[in-house]
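Architecture at a glance
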Amino acid sequence: MIYFDNAATSYPKPPQMLKGMKFFIEKIGSNPGRSGHRLSLAGGRIINQTRENLAQLFNISDPLKIAFTHNATHALNFALSGILEPGDHVITSNIEHNSIARPLRYLTERGIEFSQVKVDEKTSQLNPEDIKKKFKKNTKMIALIHGSNVTGIIFPIREIGKIARENGVYFLVDASQTAGAYPIDVEEDKIDLLAFTGHKALLGPQGTGGLYVRPGISLKPIIFGGTGSHSEEDRQPLFMPDVLESGTANTVGLAGLKESVKFILKTGVEKIRNHEKKLTQRLIDGLKEIKEVILYGSDNLEEHLPVVSFNIKGFSPSEVGEILDKKYQIYVRVGLHCAPWAHQAIGTYPEGTVRFSLGYYNTAKEVDFALTAIEKIAGKS
Amino acid sequence: MEDYKVVTFYSTSHALRAEKILKQAAIKFWAIPTPRYLSSNCGIAFKFAATDAERVGENLKQAKVEYEGIYPLEKE
């Protein structure tokens, strides 16, 4: 079996993750931040440590400015709906995942407008200069995916963050594909709002994620409820992280994420990135050799995640996916990848592409085997 | 009898972050249920020797941990 669907969720996970989750379930099991007894505090300490590990990873000076959510989608909804008011304008790209595209489309019904910066059709890279041209008087935010889940292309967020700061607008970054796989520094990158998920390159369990909010920015909540604080009031507290953390946390998930992030800190993002870059190079080089293969996006490794989209002439993406699964036990994702905008941008809508997404646990041998499979499939058309 | 003070917080998230900071600073303190007359926010507070009050405040401020207040503990 070969698992090449890490952009959907990473698999396998570091063994420490399961140990952390098992420890919580067996030895703690409490509701953190509610009661004052020892087990409740022990649960709260686990969550606090998860915040601190993530703060270290993203160079966040105050860990309490990270609110936990169930995934990046919830975090992006909190950020967009929490900041934007009727009359505001947002700059985004035409390659966004539905986790930004759909909330933005919904917000247009509430009097918020957005402009898309077009990526290059061939490289699917974005030119920061094009962002500057989109500014309007009422621009409030730049909301962008950091690395595309379709083409794997990484946007130059450091340059874009600078543009956002110079123009006095908020910079919201969707780090779903990059957190854990590519260095992120909220200070150097001038990120005001960072949405991340725990179960992809952070190698944690599903149902974990979060939103970092730069100190000084206040969000309107969109979910209201119990927080274990200000209990005498029926109004939602407005401070971080409680403003966004209503209801019981996914403590068992966060206990796992704590260990996964610790594993990443110990291994080093650079080492993970180098390993994945080498595999991506091998994959792209191999695919280029197969004349029936059409590759999408830039082949410059420096701006490439281990996510590669392609098609084989004469085959639909779903046919290729089926053969890879049934005949070769290679598990990939085909189709639109929850990102119709992106496929329109690269000219693969509505059929989509075959997507190979690699992770830290994949090997060169697996890449070679998959390349042989693609060669054989292509040869039969 | 020694005089004690109490630091209270807006939420448990803040209290548990503070707990770590104060431990690292080697300040002696005890977690107690927050006395109702002081605050109805977070359920736990930290009790410490009144003479450490300045150090507690400084360490928390330096680590950017917001706290509600530092109060004298009423003797029972």
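Residues numbered from 1 in each chain as written. Chains lettered and ligands numbered in written order. Predicted model: local features only at pLDDT ≥ 70, side-chain atom pairs only at ≥ 80, totals over all residues. Heavy atoms only, no water.

Considerations on the sheet that holds strand β1 (residues 4-8) of chain B
Residues and elements named next belong to chain B. One open sheet accounts for 4 strands, arranged β2-β3-β1-β4; its pairing is antiparallel. Both outer strands of the open sheet, β2 (29-33) and β4 (69-72), are each paired with one neighbouring strand and no more. Adjacent strand axes in the sheet meet at a mean angle of 30°, parallel and antiparallel pairs treated alike. The sheet contact formed by β2 and strand β3 (residues 44-49) spans 5 bridges and is antiparallel. In the strand pairing of β3, Pro 33 is matched with Ile 44. (Pairing = 2+ DSSP bridges. Helix = DSSP H or I, 4+ residues; strand = E, 2+ residues; numbered from the N terminus. Axes fitted to C-alpha atoms, helices over the stretch in contact; angles between N-to-C directions.)

Points about the interface of chain A and chain B
Often the size quoted for an interface is simply the accessible area lost on bringing the parts together. Taken together, the contact between chain A and chain B spans 24 residues of the former and 16 residues of the latter. Summed over both sides, the interface of chain A with chain B buries roughly 1600 Å², with 50% coming from carbon and sulfur. When the buried area of chain A at its contact with chain B is split by residue, Leu 41, Arg 45 and Leu 64 of chain A rank highest and sum to 26% of it. Our count for the contact surface shared by chain A and chain B stands at 4 salt bridges. (Contact = heavy atoms within 4.5 Å. Buried area = accessible area lost by both parts, 1.4 Å probe. Salt bridge = Lys/Arg side-chain N within 4 Å of Asp/Glu carboxyl O.)

Points about the packing of helix α1 (residues 15-28) of chain A against helix α2 (residues 38-58) of chain A
Residue and element names in this part refer to chain A. Where α1 contacts α2, the axes come no closer than 11 Å and their chain directions differ by 170°. Overall, the two elements α1 and α2 adopt an arrangement that is roughly antiparallel. In contact with Phe 24, Lys 27 and Ile 28 of α1, α2 contributes Leu 39, Ala 42, Gly 43 and Ile 46. Taken together, the residues that form the contact of α1 with α2 break down as 5 nonpolar, 1 polar and 1 charged. (Parallel < 35°, antiparallel > 145°, perpendicular 65-115°, else oblique. Nonpolar A, V, L, I, M, F, W, Y, C, P; charged D, E, K, R; others polar.)

Side note on the packing of aromatic side chains
All told, the structure shown has 13 aromatic pairs over all chains when counted by the stated rule. Their ring planes at 35° and their centres at 5.6 Å tell us that Phe 114 of chain A and Trp 341 of chain A sit as a pair that is tilted. With Phe 114 of chain A in strand β4 (residues 113-117) and Trp 341 of chain A in helix α10 (residues 340-346), the pair connects residues that are 227 residues apart, well separated along the chain. Exposure class is identical for Phe 114 of chain A and Trp 341 of chain A. Each is buried. Ring centres of Phe 310 of chain A and Phe 356 of chain A lie 5.1 Å apart, and the angle between their planes is 85°; this geometry places the pair in the edge-to-face category. Placement of the pair is Phe 310 of chain A in strand β10 (residues 307-312) and Phe 356 of chain A in strand β13 (residues 353-357), with a sequence separation of 46 residues. Owing to a relative accessible area of 0%, Phe 310 of chain A belongs among the buried residues under this scheme. Joined through ring pairs, the aromatic side chains of Phe 4, Phe 310 and Phe 356 of chain A make up one cluster. The ring of Tyr 4 of chain B is capped by Lys 47 of chain B, whose NZ or CZ atom sits 4.5 Å from the centre of that ring. Seen from the ring of Trp 30 of chain B, Lys 47 of chain B lies directly overhead, with NZ or CZ sitting 5.9 Å from the centre. (Phe/Tyr/Trp six-rings, centres within 6.5 Å; stacked < 30°, edge-to-face > 60°. Buried < 20%, exposed > 50% of the residue type's maximum accessible area, 1.4 Å probe, protein only. Lys NZ or Arg CZ within 6 Å of the ring centre and 35° of its normal.)

Some thoughts on the nonpolar core
Membership of the largest hydrophobic core comes to 49 residues, with the highest contact counts inside it found for Leu 54, Phe 58, Ile 131, Ile 142, Phe 171, Leu 194 and Leu 202 of chain A. With sequence-adjacent residues up to four places away left out, Phe 58 of chain A is seen in contact with Ala 179, Ile 184, Asp 185, Val 186, Leu 194 and Phe 196 of chain A. (Core = buried A, V, L, I, M, F, W, Y, C linked by side-chain atoms within 4.5 Å.)

Section: the pattern of salt bridges
Once their charged atoms are close, side chains differing in charge can pair, the charge on each being opposite to the other. All names here are of chain A. For the structure shown, the criterion picks out 26 salt bridges over all chains. A salt bridge links Arg 355 to Asp 5; the shortest N-O distance between them is 3.3 Å. Residue Arg 355 is located in strand β13, and its partner Asp 5 is located in the loop between β1 (2-3) and α1; the two are separated by 350 residues in the primary sequence. A salt bridge links Asp 189 to Arg 158; the shortest N-O distance between them is 2.7 Å.

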